[in-house]
Amino acid sequence: MDCRPGCGACCIAPSISPTSPALPEGKAAGVRCPHLTAELRCALFGHAERPAVCSGIRPAVEMCGDSPQAAIATLLRWETLTAPR
């Protein structure tokens with residue numbers, strides 16, 4: 001499956017642990033990544049600074065659903081289920 005144009009859910013919904021230099025303070029779940037462009041593309045795609053967690057995310061029907069809103073809802077649910085308690 002290819003990324004859905006105009007989505008960006010995987011760059012908004014999940015939290016990202018601090019990485020240097022890309023996100024030295026990390027990113028909270030549900031917050032737009034500062035590297036997400038106006039076209040909803042990763043400005044770090046293909047660059048060494050891109051966090052490993054981001055490189056590991058691959059689009060799949062289970063994650064992306066049938067809309068950007070479904071993808072965000074799924075990713076936020078997964079974030080909640082896997083968050084440390």
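Reference entry: report on the structure contained in this document.

Rules and cut-offs
Residues numbered from 1 in each chain as written. Predicted model: local features only at pLDDT ≥ 70, side-chain atom pairs only at ≥ 80, totals over all residues. Heavy atoms only, no water. Helix = DSSP H or I, 4+ residues; strand = E, 2+ residues; numbered from the N terminus. Rg over C-alpha atoms; globule rule 2.2 N^0.38 Å. Buried < 20%, exposed > 50% of the residue type's maximum accessible area, 1.4 Å probe, protein only. Expected span 1.5 Å × (residues − 1). Arc of directions from axis to C-beta. Contact = heavy atoms within 4.5 Å.

## Regarding the overall build of the protein chain
Working step 1: Assigned secondary structure in the protein chain consists of three helices and zero strands.
Working step 2: Over its C-alpha atoms the protein chain spans a radius of gyration of 12 Å, differing by no more than 12% from the 12 Å that the globule rule assigns to 85 residues.
Working step 3: Its C-alpha atoms give the protein chain principal-axis dimensions of roughly 35 × 35 × 20 Å.
Working step 4: Split into buried and exposed, the 85 residues of the protein chain put 29% on the buried side.

## Comments concerning helix α3 (residues 68-82)
Working step 1: The terminal C-alpha atoms of α3, which comprises 15 residues, lie 21 Å apart, in line with the 21 Å expected from a rise of 1.5 Å per residue.
Working step 2: Residues of α3 that are buried: Ala 71, Thr 74, Leu 75 and Glu 79. Take α3 and look down its axis: the buried residues cluster within an arc of 140°, on one side only. Facing away from the buried side of α3 by over 90 degrees, the exposed positions are Gln 69, Thr 80 and Leu 81.
Working step 3: As for α3, its buried residues are in contact with α2 (61-64).

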